[in-house]
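# Remarks on the overall topology
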Amino acid sequence: MKRIVSAIEVARLANVSQSTVSRVFTPGASVSEKTRQRVLEVAEQLNYQPNALARSLITKRTNMIGLAMKDIQNPFYHEVLGIFTNKLKAKGYSVLFVYTENEEIQQEEINHFLEYNVEGIIITDAMLSSNIVTKLKNNHIPVTLFNRYDKNLECNSVSCDNINAANEIAKYVDHLYCEKIVFITGKINTSTSQERQEGFVNYFKNIGIPVEILEGDYTYERAFFLTKELIEKDYVPDVIFGANDITALGALDALKSKEIKVPEQTMVIGFDDIKMSSWPNYNLSTWVQPIEEMVDETIRLLERNQRETGHKTVKVQGKFIHRQTTK
């Protein structure tokens with residue numbers, strides 16, 4: 001059986017205190033570079049690895065953050081998960097990931113977080129009930145919604161300013177004198193889709209231009225079908241705005257399959273700026289969500305709520321990026 005080397009042994013051989021050994025293996029902790037190198041050399045010599053469980057029993061902290069996600073097939077959330085993992089790791093946290101198959105995160109999934117005594121929870125695209133938020137609050141576990149907002153929940157939220165972004169996209173479209181305008185929604189029960197629809201459609205409503213609204217679900221397949229069906233009805237729009245990039249890419253491929261020229265006949269605009277959007281075959285014009293900033297704000301709010309009470313809503317700005325699918 002492999003013998004487990006303790007921090008006390010490392011401390012004794014390096015001629016430092018046990019707390020110094022702990023600081024060396026804690027990201028961001030204060031310790032001189034000379035001492036750090038000496039401890040690391042001894043740790044390597046003894047094949048020492050810090051024991052997270054033992055440390056949590058001493059400090060009463062697990063340094064673990066729970067992250068719940070539903071739409072793992074969406075490239076946007078793949079990118080989000082990677083950024084969260086890297087940034088939390090740099091701050092000394094581990095990520096406990098839970099994939100939820102349901103629209104609303106279930107109690108048994110929350111129990112998984114409670115069993116591991118996570119220090120905070122990030123909910124991306126899953127719905128959350130007020131009862132679960134209350135239970136987590138009673139357990140002193142702060143919750144932050146990422147890329148969505150729910151005014152009925154007493155928890156933090158960080159999202160793009162979707163209404164302003166969609167309004168700016170509408171202004172851009174208006175300046176190009178488009179008349180046949182289509183908006184393909186995301187899931188209609190999500191705040192992101194609702195806000196993007198509100199900002200885009202209301203702009204044109206105020207100037208008397210109707211917008212054709214097609215009910216999508218944030219998937220490539222649904223957007224491809226809706227766009228193909230539209231063209232087969234002999235309706236060729238001047239512009240299609242998809243509630244996210246995957247929706248826009250589905251519409252773009254449907255147009256190409258029907259030999260509709262983009263952007264000469266129909267322009268296509270997305271939202272998110274996932275990596276696929278800049279691929280040469282797509283070169284999609286889109287609204288850039290500042291994911292790094294959104295992740296930083298989310299982590300900041302979680303750490304703030306470990307010390308303070310109350311909740312806060314943060315809306316970050318983005319920018320439109322013009323590529324080859326718009327004039």
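Refer to the structure printed above.
Okay, so let's go over this structure. Bear in mind the structure is a predicted one, so any value in this text is a computation, not a measurement.

A word on the overall build of the protein. Looking only at helices and strands, the protein has 12 helices and 12 strands in total. Principal axes of the C-alpha set define a box for the protein whose edges measure 80 × 45 × 35 Å. With 327 residues in all, the protein has 49% of them scored as buried. In the protein, the proportion of contacts linking residues at least 24 apart, taken out of those at least 6 apart, comes to 71%. Carbon and sulfur atoms provide 49% of the accessible area of the protein, an area that totals close to 16700 Å². Here the protein contributes 38 positively and 42 negatively charged side chains, and the mean placements of these two sets differ by 8 Å.

Moving on: the pattern of salt bridges. Using the criterion set out here, one finds 12 salt bridges in the structure. Close ionic contact of lysine 87 with aspartate 296 constitutes a salt bridge, the shortest N to O distance being 3.2 Å. With lysine 87 in helix H5 (residues 75-90) and aspartate 296 in helix H12 (residues 291-305), this pair connects stretches of sequence that are 209 residues apart. Between glutamate 232 and lysine 228 there is a salt bridge, with its nearest N and O atoms 3.0 Å apart. Of this pair, glutamate 232 and lysine 228 both sit in helix H10 (residues 220-232), 4 residues apart, which is roughly one turn of that helix. What makes glutamate 232 partly exposed here is its relative accessible area of 46%.

Turning next to empty space enclosed by the protein. The final tally for this structure, using the stated rule, is 1 cavity of 30 Å³ or more. In this structure, the largest cavity spans a volume of roughly 220 Å³. Taken together, 19 residues form the lining of the largest cavity, with Tyr77, Asp125, Thr190, Thr192 and Tyr218 sitting closest to its centre. Only H5 and helix H9 (191-206) provide two or more residues apiece to the lining of the largest cavity. The greatest single-element share of the lining of the largest cavity, amounting to 3 residues, is contributed by H9. The class makeup of the residues in the lining of the largest cavity is 5 nonpolar, 7 polar and 7 charged.

On the surface, Ile72, Phe97 and Tyr99 cluster together into a nonpolar patch covering about 250 Å² of accessible area. Along the polypeptide, phenylalanine 97 turns up in strand S2 (residues 94-99).

Let us look at the sheet that holds strand S11 (residues 313-316). What the 6 strands build is an open sheet, ordered S2-S1-S3-S4-S5-S11; its pairing is parallel. Bordering the open sheet on either side are S2 and S11, each of which pairs with just one other strand. Ignoring which end each strand starts from, the neighbouring axes of this sheet average 20 degrees apart. In this structure, strand S1 (residues 64-69) lies alongside strand S3 (residues 120-123), joined through 4 bridges in parallel fashion. Its bridge partner being in S3, alanine 68 is matched across the sheet by isoleucine 123. Where helix H6 (residues 107-115) meets the sheet, its contacts fall on S1, S2 and S3, and the angle it forms with S2 comes to roughly 165 degrees.

Attention shifts here to the sheet that holds strand S8 (residues 239-242). The sheet built from 6 strands is open, its strands ordered S7-S6-S8-S9-S10-S12 with mixed pairing. Both edges of this open sheet fall to strand S7 (211-214) and strand S12 (319-321), since each of them pairs with a single strand only. Shown here is a sheet whose adjacent strand axes are inclined to one another by a mean of 20 degrees, direction ignored. Those strands touched by H10 are strand S6 (181-184), S7 and S8, and its axis lies near 155 degrees from that of S6.

Turning to the pairing of strand S4 (residues 143-146), a few remarks are in order. Neither face of S4 is open: one carries Val143 and Leu145, the other Thr144 and Phe146, and all of them are buried. Sheet analysis places S3 next to S4, joined by 3 bridges and oriented parallel. Among the inter-strand pairings, isoleucine 122 is bridged to a residue of S4, identified as threonine 144. Here S4 pairs with strand S5 (residues 156-160) via 3 bridges, running parallel. In the sheet register, phenylalanine 146 faces S5, and the bridge partner there is valine 158.

Summed over all chains, the structure comprises 10 aromatic pairs. Geometrically, the ring pair formed by phenylalanine 84 and phenylalanine 146 is edge-to-face, given 5.1 Å between the ring centres and 75 degrees between the ring planes. With phenylalanine 84 in helix H5 and phenylalanine 146 in strand S4, the pair connects residues that are 62 residues apart, well separated along the chain. For the residue pair phenylalanine 84 and phenylalanine 146, the accessibility class agrees, reading buried in each case. Seen in terms of ring centroids, phenylalanine 271 and tryptophan 287 are 6.5 Å apart; in terms of plane orientation they differ by 25 degrees. Their pairing is stacked.

Core analysis: the biggest nonpolar cluster contains 40 residues, and Val80, Phe84, Leu88, Ile122, Phe146, Ile184 and Val295 have the highest contact counts within it. Setting aside anything within four residues of it in sequence, one finds leucine 88 in contact with Ile65, Tyr93, Val95, Ile122 and Ile299. Counting residues in hydrophobic clusters, the runner-up holds 22 residues, among them Phe204, Val211, Tyr218 and Ala243.

Scoring rules and cut-offs
- Residues numbered from 1 in each chain as written.
- Predicted model: local features only at pLDDT ≥ 70, side-chain atom pairs only at ≥ 80, totals over all residues.
- Heavy atoms only, no water.
- Helix = DSSP H or I, 4+ residues; strand = E, 2+ residues; numbered from the N terminus.
- Buried < 20%, exposed > 50% of the residue type's maximum accessible area, 1.4 Å probe, protein only.
- Contact = heavy atoms within 4.5 Å.
- Areas by Shrake-Rupley, 256 points an atom, 1.4 Å probe, with all protein chains shown as cover.
- Lys, Arg positive; Asp, Glu negative; His and termini not counted.
- Charge placed at Lys NZ, Arg CZ, Asp CG, Glu CD.
- Salt bridge = Lys/Arg side-chain N within 4 Å of Asp/Glu carboxyl O.
- 1 Å grid on protein atoms, 1.4 Å probe; cavity = no way out; pocket = protein on both sides within 12 Å on 5 of 7 lines; lining within 4 Å.
- Points joined across faces, edges and corners; volume = space filled by probe spheres on them.
- Nonpolar A, V, L, I, M, F, W, Y, C, P; charged D, E, K, R; others polar.
- Patch = residues over 30% accessible without salt bridge, like charges linked within 9 Å, V, L, I, M, F, W, Y side chains within 5 Å.
- Pairing = 2+ DSSP bridges.
- Axes fitted to C-alpha atoms, helices over the stretch in contact; angles between N-to-C directions.
- Phe/Tyr/Trp six-rings, centres within 6.5 Å; stacked < 30°, edge-to-face > 60°.
- Core = buried A, V, L, I, M, F, W, Y, C linked by side-chain atoms within 4.5 Å.

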